[in-house]
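Each chain, written out:
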Amino acid sequence: MEMKEEKKGTHTATPLIAGIAVAAAAFAGRYGVLAWQAYKARPIVPRMRKFYEGGFQPAMTKREAALILGIRESIPPDKVREAHRKVMVANHPDAGGSHYLASKINEAKDLLLGNTKGGGSAF
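Residues numbered from 1 in each chain as written. Predicted model: local features only at pLDDT ≥ 70, side-chain atom pairs only at ≥ 80, totals over all residues. Heavy atoms only, no water.

- The name an unreviewed UniProt entry gives the protein chain is Mitochondrial import inner membrane translocase subunit TIM14-1, with Apostasia shenzhenica as the organism.
- According to its UniProt record, the protein chain has this under Sequence similarities (unreviewed entry): "Belongs to the TIM14 family."
- Its UniProt record gives the protein chain the following Function (unreviewed entry) comment, quoted word for word: "Component of the PAM complex, a complex required for the translocation of transit peptide-containing proteins from the inner membrane into the mitochondrial matrix in an ATP-dependent manner." (UniProt positions renumbered as here; feature names shortened; annotations may be inferred.)

See below:
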């Protein structure tokens, strides 16, 4: 008779365990739905770095010159020349680049190096 009682005890625990498992699955599902809704409602943040928007200013500033050359405003002169060389190779008029952009690149280099010759680009 003791054997029957042990079996009876295990059979009554099975529905309880199944009920707890169903409740846990329901709570997990609810949490998943709420997490998905919060994920979809979040603001969209661009993952790329923000580039400078707009054209050129009438009188070039140190900030604009640094943006053109892709460097910081306070950088040693040799690094300014190196950055100028890299940007100029990519945009040189002899290699299909624009004369206007080349003049702006040269103006940026001159401004950052302190060589202000004529006060602006040729255009």
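Past the structure itself, the notes keep going.
## Let's talk about the overall build of the protein chain
Part 1 of the reasoning: Helix and strand content of the protein chain: four helices and zero strands.
Part 2 of the reasoning: When its helices and strands are written in sequence order, the protein chain yields α-α-α-α.
Part 3 of the reasoning: Residues counted as buried form 16% of the 123 residues belonging to the protein chain.
Part 4 of the reasoning: Contacts in the protein chain between residues at least 24 apart in sequence constitute 44% of all its contacts with a sequence separation of at least 6.
Part 5 of the reasoning: As presented, the protein chain carries roughly 10100 Å² of accessible surface, and 61% of it is formed by carbon and sulfur atoms. (Helix = DSSP H or I, 4+ residues; strand = E, 2+ residues; numbered from the N terminus. Buried < 20%, exposed > 50% of the residue type's maximum accessible area, 1.4 Å probe, protein only. Contact = heavy atoms within 4.5 Å. Areas by Shrake-Rupley, 256 points an atom, 1.4 Å probe, with all protein chains shown as cover.)

## Things to note about helix α4 (residues 99–113)
Part 1 of the reasoning: Here α4 contains 15 residues, and its C-alpha end-to-end distance of 21 Å stays within 8% of the 21 Å for a straight helix at 1.5 Å per residue.
Part 2 of the reasoning: Turning to α4, its buried residues number three or more, namely Ala-102, Ser-103, Lys-104, Ile-105, Glu-107, Ala-108, Asp-110 and Leu-112.
Part 3 of the reasoning: Residues of α4 that are buried sit in contact with α2 (62–69) and α3 (77–91).
Part 4 of the reasoning: Near the N-terminus of α4, the side chain that reaches the backbone nitrogen of Tyr-100, with its oxygen 3.1 Å away, is that of Ser-98.
Part 5 of the reasoning: A positive backbone phi angle near 85 degrees is found at Gly-114, which sits one or two residues after α4. (Expected span 1.5 Å × (residues − 1). Polar contact = N/O pair within 3.5 Å; in protein donor to acceptor, adjacent residues only side chain to side chain.)

## Considering the packing of α2 against α4
Part 1 of the reasoning: Two elements in contact, α2 and α4, have axes whose closest approach is 9 Å; the angle formed by their N-to-C orientations is 125 degrees. The orientation of α2 with respect to α4, classified from their angle, is oblique. Between α2 and α4 lies a crossing whose hand is left-handed. Contacts between α2 and α4 involve Lys-62, Ala-65, Ala-66, Ile-68 and Leu-69 on the former and, on the latter, Lys-104, Ile-105, Ala-108, Lys-109, Leu-111 and Leu-112. (Axes fitted to C-alpha atoms, helices over the stretch in contact; angles between N-to-C directions. Parallel < 35°, antiparallel > 145°, perpendicular 65-115°, else oblique. Left-handed = near helix turned anticlockwise from the far one by under 90°.)

## Concerning the nonpolar core
Part 1 of the reasoning: Ala-65, Leu-69, Ile-71, Val-80, Ile-105, Ala-108 and Leu-112 are the most contacted members of the largest nonpolar core, which totals 13 residues.
Part 2 of the reasoning: Going through the elements one at a time, α2, α3 and α4 are the ones with two or more residues in this core.
Part 3 of the reasoning: Beyond its immediate stretch of four places on either side in the chain, Leu-69 contacts Val-80, Ala-83, His-84, Val-87, Ile-105, Ala-108, Lys-109 and Leu-112. (Core = buried A, V, L, I, M, F, W, Y, C linked by side-chain atoms within 4.5 Å.)

## Thoughts on the packing of aromatic side chains
Part 1 of the reasoning: Taken as a whole, this structure holds one aromatic pair when the rule is applied.
Part 2 of the reasoning: Considering the side-chain rings of Trp-36 and Tyr-39, the 5.6 Å spacing of their centres and the 35 degrees angle between planes classify their relative orientation as tilted. Of this pair, Trp-36 and Tyr-39 are both found in helix α1 (residues 2–41), three residues apart, which corresponds to roughly one turn of the helix.
Part 3 of the reasoning: Exposure remark for Tyr-39: the relative accessible area of 41% places this residue in the partly exposed category.
Part 4 of the reasoning: Directly above the ring of Tyr-39 sits Arg-42, whose terminal nitrogen or CZ lies 4.1 Å from the centroid. (Phe/Tyr/Trp six-rings, centres within 6.5 Å; stacked < 30°, edge-to-face > 60°. Lys NZ or Arg CZ within 6 Å of the ring centre and 35° of its normal.)

## Regarding a nonpolar patch on the surface
Part 1 of the reasoning: A contiguous nonpolar surface patch, about 230 Å² in accessible area, is contributed by Phe-56, Tyr-100 and Leu-101.
Part 2 of the reasoning: With respect to the helices and strands, the residue Leu-101 is situated in helix α4. (Patch = residues over 30% accessible without salt bridge, like charges linked within 9 Å, V, L, I, M, F, W, Y side chains within 5 Å. Salt bridge = Lys/Arg side-chain N within 4 Å of Asp/Glu carboxyl O.)

## Section: the side chain of Glu-64
Part 1 of the reasoning: Structurally, the position occupied by Glu-64 is in helix α2.
Part 2 of the reasoning: For the buried Glu-64, no salt bridge exists, and the shortest N-O distance to an oppositely charged side chain is 5.7 Å, to Lys-104.
Part 3 of the reasoning: Ignoring any residue separated from it by four or fewer positions in sequence, one finds Glu-64 in contact with Gly-55, Phe-56, Gln-57 and Ala-59. (Lys, Arg positive; Asp, Glu negative; His and termini not counted.)

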